[in-house]
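Coordinate analysis (summary)
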Amino acid sequence: MGKVKFNLTVVKQIPEVLIYEMDNGKPIYYSKYKSVLQGNLSSEAIMGSSILQSLIISYLSHHLINIIPKNYFVLNNELGILFSKGSWRLADIAIIEKSRITEINDKYISAPPNVVIEVDTKAALEDYDDPKDYYTLKTQQYLDFGVNKVIWIYTKTKTIEIATKKDTTQHFWSENIEFLNELNFNLEVLMQDHLS
């Protein structure tokens, strides 16, 4: 796997507000953070989702909430998942058994969700030798933490990647995607139903 390219003198000058995630004490910055440092964009301008990403997360969350058993939560809005001190990731959608959550508070979750669903990323992929390394590492960290299934939805290619500890498979938006206990979603149908 390629290494993340960081200039340590520059890292010390980057404000914390531009940190998107943390990987074992190493910051992962928001995409286009360098434009903020150059004064070309505000920090708020790089943190939001596109309308397509937002629609996918909204409609998919609504669909999941309507079909999932009552003993699960469907959590979204960049849920913070804490692996260990100095190591955390943000999830677009997380499905978790309610029994795994011992307390509802204002902190990041420290129990592994059953399923994590991601729509693209807001991470600065330009900091990686190979942008795929970001997705590979984040996925593996989720699986090592105890997440059963990681689903990546890619808007540019209209594809879906499903990763488990056993394997990783590639799919199209038009396919039925099983996410939990024989429950599924079809993103193409879901988006057509809501955008037509």
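For the structure itself, look to the data block above.
Now for a description of the structure that goes with this document. (Residues numbered from 1 in each chain as written. Predicted model: local features only at pLDDT ≥ 70, side-chain atom pairs only at ≥ 80, totals over all residues. Heavy atoms only, no water.)

Thoughts on the packing of aromatic side chains
We apply this condition: Between 30 and 60 degrees the pair is tilted, below 30 it is stacked and above 60 it is edge-to-face, where a pair is any two Phe, Tyr or Trp rings, Trp via its six-membered ring, whose centres lie within 6.5 Å. Numbering of helices and strands starts at the N terminus; helices are DSSP runs of H or I of at least 4 residues and strands are runs of E of at least 2. Each residue is assigned to one of three classes by its accessible area relative to the maximum for its type, calculated with a 1.4 Å probe on protein chains only: buried under 20%, partly exposed between the two thresholds, exposed over 50%.
Counted under the stated rule, the structure contains 12 aromatic pairs. Note on Trp-88 and Tyr-108: the rings are 5.5 Å apart at their centroids and 65° apart in plane angle, and the pair reads as edge-to-face. Taken together, the residues span a long stretch of sequence, with Trp-88 in strand E4 (residues 87–97) and Tyr-108 in the loop between E4 and strand E5 (115–119) at a distance of 20 residues. Note on Trp-88: relative accessible area 17%, which makes it buried. Relative accessible area serves as the criterion here: at 41%, Tyr-108 is assigned to the partly exposed category. With a centroid separation of 5.9 Å and an interplanar angle of 75°, the aromatic rings of Tyr-128 and Tyr-134 are classed as edge-to-face.

Focus on the pattern of salt bridges
As a reminder of what qualifies: The rule for a salt bridge is simple: a side-chain nitrogen of Lys or Arg has to be within 4 Å of a carboxyl oxygen of Asp or Glu.
Scanning all chains against the criterion turns up six salt bridges. Between Lys-34 and Asp-127 there is a salt bridge, with the nearest N and O atoms lying 3.7 Å from each other. Separated by 93 residues along the polypeptide, Lys-34 in helix H2 (residues 33–37) and Asp-127 in the loop between E5 and helix H4 (132–145) bring together distant segments of the chain. Residue classification places Lys-34 among the partly exposed residues on the basis of a relative accessible area of 39%. Given a relative accessible area of 4%, Asp-127 falls into the buried group. Connected via shared salt-bridge partners are Glu-21, Arg-89, Glu-118 and Lys-138.

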